[in-house]
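Here is what each chain is made of, one letter per residue.
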Amino acid sequence: VGNGGVPPPPSLSGVIFGDSGKDFYMLFDSWTDMGGKDFRETWPCRDLLLFEGSNTTTCSWLNLTAIVGVFPSTTSVSSGSVSLVSVGGNVTLRGGKLKPYCKTGGSTCDAYNASTSQTVPMQTATNAVTPSVVLVTASRVGSCDNVSINAMLSNGHGGRPWTSATWSVYALDGDSAVDVTSVRATLSSYGTSLGQLLTIPRAYF
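The rules behind these values
- Residues numbered from 1 in each chain as written.
- Predicted model: local features only at pLDDT ≥ 70, side-chain atom pairs only at ≥ 80, totals over all residues.
- Heavy atoms only, no water.
- Helix = DSSP H or I, 4+ residues; strand = E, 2+ residues; numbered from the N terminus.
- Rg over C-alpha atoms; globule rule 2.2 N^0.38 Å.
- Contact = heavy atoms within 4.5 Å.
- Disulfide = S-S within 2.5 Å.
- Buried < 20%, exposed > 50% of the residue type's maximum accessible area, 1.4 Å probe, protein only.
- Salt bridge = Lys/Arg side-chain N within 4 Å of Asp/Glu carboxyl O.
- Pairing = 2+ DSSP bridges.

A. Molecular detail of the overall build of the protein chain. Helix and strand counts for the protein chain come out as three helices and 12 strands. Against the 2.2 N^0.38 benchmark of 17 Å for 205 residues, the protein chain shows a C-alpha radius of gyration of 25 Å, more extended than a compact globule. Projecting the C-alpha coordinates of the protein chain onto the three principal axes gives extents of approximately 85 × 25 × 20 Å. Sequence separation of at least 24 residues holds for 56% of the intrachain contacts in the protein chain that already meet a minimum separation of 6.

Rendered as structure tokens:
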């Protein structure tokens, strides 16, 4: 409790990604008035917080000291229409928006000071999900058909575009290795754009 029995304004303890990367958790060092929000009420994070993607990310209070934020859908992010905060990116509490919790109400609460603007870096998840690769293709194709590979079920990218994709391709004709340089080059040419069918021309087989 501060001078004259007035508690100090809440301070940011930190902000951390959820394990899936699709959400984050912000913690405060003391009970807050939740910025005038209600428990479980969903609101645009920009009302209280500023970070890359705060305009499109939704937040809610879990309790008097914790906010959970949920990032927009993977589709919006993959399309390039939305960019989101990454590990190490700044998350700022807007000044003048948050006060200490006040049980009594009235003039006593009016005397409480609001938090000043505070910025902390986004921390990596405690148990971040490991990427899981899922490739779907036909077991057989006709001699006149291209080969299509679907990697869209792969997960673990935290609702963001993949940052890298490396392909390993091997083929045998009997006991002899087959040159798959063109196949590997074609797959690599898609880069991290895995939200589409990957097509390998039939001429390479």
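B. Representation of the state of the cysteines within the structure. Counted by the stated rule, this structure contains two disulfides. Each sulfur of the disulfide joining cysteine 45 and cysteine 59 lies 2.0 Å from the other. Between cysteine 45 and cysteine 59 the sulfur-sulfur dihedral comes to about 100°; the bridge is accordingly right-handed. You can see cysteine 45 sitting in the loop between strand E3 (43–44) and strand E4 (49–50) and its partner cysteine 59 sitting in strand E5 (residues 58–63), a full 14 residues away along the chain. Judged by relative accessible area, cysteine 59 falls into the buried class, the value being 1%. There is a disulfide in this structure between cysteine 102 and cysteine 109, and the S-S distance comes to 1.9 Å. Because the sign of the S-S torsion sets the handedness, a value of about -80° for the bond joining cysteine 102 and cysteine 109 places this disulfide among the left-handed ones. One exposure class covers both cysteine 102 and cysteine 109, and it is buried. In the protein chain, numbering the disulfide-bonded cysteines from first to last in sequence yields the connectivity 1-2, 3-4.

C. Region of interest: the side chain of serine 60. Within the element layout of this structure, serine 60 appears in strand E5. Among the residues examined, serine 60 registers a relative accessible area of 11% and is labelled buried. Beyond its immediate stretch of four places on either side in the chain, serine 60 contacts Arg40, Glu41, Thr42, Trp43, Ala66, Ile67 and Val68.

D. Representation of the pattern of salt bridges. Considering all chains together, one arrives at one salt bridge under this definition. Between aspartate 47 and lysine 37 there is a salt bridge, with the nearest N and O atoms lying 2.9 Å from each other. Placement of the pair is aspartate 47 in the loop between E3 and E4 and lysine 37 in the loop between strand E2 (23–28) and E3, with a sequence separation of 10 residues.

E. Representation of the sheet that holds E5 in the model. Read across the open sheet, the eight strands follow the order E3-E5-E6-E2-E1-E8-E7-E4; overall the sheet is mixed. Of all strands in the sheet, those with a lone pairing partner are E3 and E4, marking the two edges. The sheet contact formed by E4 and strand E7 (residues 90–93) spans two bridges and is antiparallel. Bridging across to E7, leucine 49 finds its partner in leucine 93.

F. How the structure looks around the pairing of strand E1 (residues 12–17). Sheet analysis places E1 next to E2, joined by five bridges and oriented antiparallel. Of the residues in E2, the one forming a bridge with valine 15 is methionine 26. Here E1 folds back onto E2, and the loop between the two strands holds five residues, one of which, glycine 21, carries a positive phi near 80°. Note: E1 against strand E8 (residues 118–123), two bridges, orientation parallel. The residue of E8 that forms the bridge with isoleucine 16 is glutamine 123.

G. Spotlight on the pairing of strand E9 (residues 147–150). Only one face of E9 is covered, namely the face carrying Val147 and Ile149; the face carrying Ser148 and Asn150 is uncovered. With four bridges joining them, E9 and strand E12 (residues 197–200) adopt antiparallel strand pairing. Along E12, the bridge assignment pairs isoleucine 149 with leucine 198.

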